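Here is what each chain is made of, one letter per residue.
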Amino acid sequence: IAGITQAPTSQILAAGRRMTLRCTQDMRHNAMYWYRQDLGLGLRLIHYSNTAGTTGKGEVPDGYSVSRANTDDFPLTLASAVPSQTSVYFCASSDATGDGYTFGSGTRLTVV
Amino acid sequence: QKEVEQDPGPLSVPEGAIVSLNCTYSNSAFQYFMWYRQYSRKGPELLMYTYSSGNKEDGRFTAQVDKSSKYISLFIRDSQPSDSATYLCAMIFPSGTYKYIFGTGTRLKVLA
């Protein structure tokens, strides 16, 4: 089934630990995005990539890094997790026309 | 002032009711407007997409855009319990980067 796969589904992480959230798409979409979703704040863009080899900062990039080595994969890394990074993380992708995103099912991350 | 404002709800309606969900926005440069539906513990899924002012219908769903008032609406006719979800509006600048601005979402509950 075409779409976006995120892993892990959920994770409890000790503060200070490094963590990579994985995102893989099989639709050959050029653009990919990472959002975090928090109650009352909605979806906020962390980082994005318009095409393989390029990345850009979104609204809330601090504490996060991304890479885009190929079209399909867009991992998000928390270098040293803090409790304020407790959130639900969604990966999304879109084709060149930008006609709507396809979202993954999310990673529920708790930093303690 | 947020760029996109959306009443968080919750909105509870009886089965069969007509539901009206709304967003206001502040930046007249927005040109593409979308509605996403998000079930609990799932990723958002694209419901409706519209570019211009006016109405667009898809089954029981109608998306309405009023650019002069900076106001968009989603109407659901003959609402069903399966429509119970959070509905997010999203909009985008015609800048080529396809970065969307999302509303915080309105939680809808349709009572059987």
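Residues numbered from 1 in each chain as written. Chains lettered and ligands numbered in written order. Predicted model: local features only at pLDDT ≥ 70, side-chain atom pairs only at ≥ 80, totals over all residues. Heavy atoms only, no water.

A. Local environment of the overall build of chain A. Secondary structure summary: chain A contains zero helices and 11 strands in total. Mapped in sequence order, the helices and strands of chain A form the string β-β-β-β-β-β-β-β-β-β-β. Relative to the 2.2 N^0.38 estimate, which gives 13 Å for 112 residues, the radius of gyration of chain A is 13 Å and therefore close to what a compact globule would have. Projected onto its principal axes, the C-alpha positions of chain A cover 40 × 25 × 25 Å. The buried share of chain A, reckoned over its 112 residues, is 50%. Relative to all contacts within chain A whose residues are 6 or more apart in sequence, the contacts with residues 24 or more apart total 54%. Roughly 5,100 Å² of accessible area belongs to chain A as shown, and the carbon and sulfur atoms make up 51% of that amount. Across chain A, the mean location of the 9 positive side-chain charges is 10 Å away from that of the 8 negative side-chain charges. (Helix = DSSP H or I, 4+ residues; strand = E, 2+ residues; numbered from the N terminus. Rg over C-alpha atoms; globule rule 2.2 N^0.38 Å. Buried < 20%, exposed > 50% of the residue type's maximum accessible area, 1.4 Å probe, protein only. Contact = heavy atoms within 4.5 Å. Areas by Shrake-Rupley, 256 points an atom, 1.4 Å probe, with all protein chains shown as cover. Lys, Arg positive; Asp, Glu negative; His and termini not counted. Charge placed at Lys NZ, Arg CZ, Asp CG, Glu CD.)

B. Local environment of the state of the cysteines. By the definition in use, this model includes two disulfides over all chains. Each disulfide pairs two cysteine sulfurs, and for Cys23(A) the partner residue is Cys91(A), the sulfurs being separated by 1.9 Å. Residues Cys23(A) and Cys91(A) are joined through a disulfide that is left-handed, its torsion about the S-S bond being -70°. Note that Cys23(A) is positioned in strand E3 (residues 19-25) and Cys91(A) in strand E9 (residues 87-94), a separation of 68 residues in sequence. Linked covalently through their sulfurs, Cys23(B) and Cys89(B) form a disulfide whose S-S length is 2.0 Å. (Disulfide = S-S within 2.5 Å.)

C. Layout of the sheet that holds strand E6 (residues 54-58) of chain B. Residues and elements named next belong to chain B. If you trace the five strands from one edge of the open sheet to the other, you get E1-E3-E8-E7-E6, paired in antiparallel fashion. Where the open sheet ends on each side, the last strands, each with one partner, are strand E1 (4-6) and E6. When the angles between neighbouring strand axes are averaged without regard to direction, this sheet yields 20°. Across three bridges, E1 lies against strand E3 (residues 19-25) in antiparallel orientation. Counterpart to Val4 in the pairing with E3 is Tyr25. (Pairing = 2+ DSSP bridges. Axes fitted to C-alpha atoms, helices over the stretch in contact; angles between N-to-C directions.)

D. Inspection of the side chain of Ser94(A) at higher detail. In this structure, Ser94(A) sits in strand E9. A polar side-chain atom of Ser94(A) sits 2.8 Å from a polar atom in the side chain of Tyr33(A). (Polar contact = N/O pair within 3.5 Å; in protein donor to acceptor, adjacent residues only side chain to side chain.)

E. Fine view of unusual backbone geometry. At the junction of Ala7(A) and Pro8(A), the peptide bond is cis and its omega measures out at -5° in the coordinates. Here Pro8(A) is to be found in the loop between strand E1 (4-7) and strand E2 (10-13). Note that the residue after Gly9(B), namely Pro10(B), is joined by a cis bond; omega there is 10°. With respect to the helices and strands, Pro10(B) occurs in the loop between E1 and strand E2 (11-14). Non-glycine residue Arg28(A) carries a positive phi angle of around 60°. Within the secondary structure, Arg28(A) sits in the loop between E3 and strand E4 (31-38). Classification of Arg28(A) as exposed rests on a relative accessible area of 55%.

F. Molecular detail of the pairing of strand E11 (residues 107-111) of chain A. Residue and element names in this part refer to chain A. Covered by surrounding structure in E11 are Thr107, Leu109 and Val111 only, the residues Arg108 and Thr110 on the alternate face being uncovered. Bridge count between E2 and E11: four bridges; the pairing is parallel. The residue of E11 that forms the bridge with Ile12 is Thr110. As paired strands, E9 and E11 are joined by three bridges and run antiparallel to one another. Paired with Val88 across the strands is Arg108, a residue of E11.

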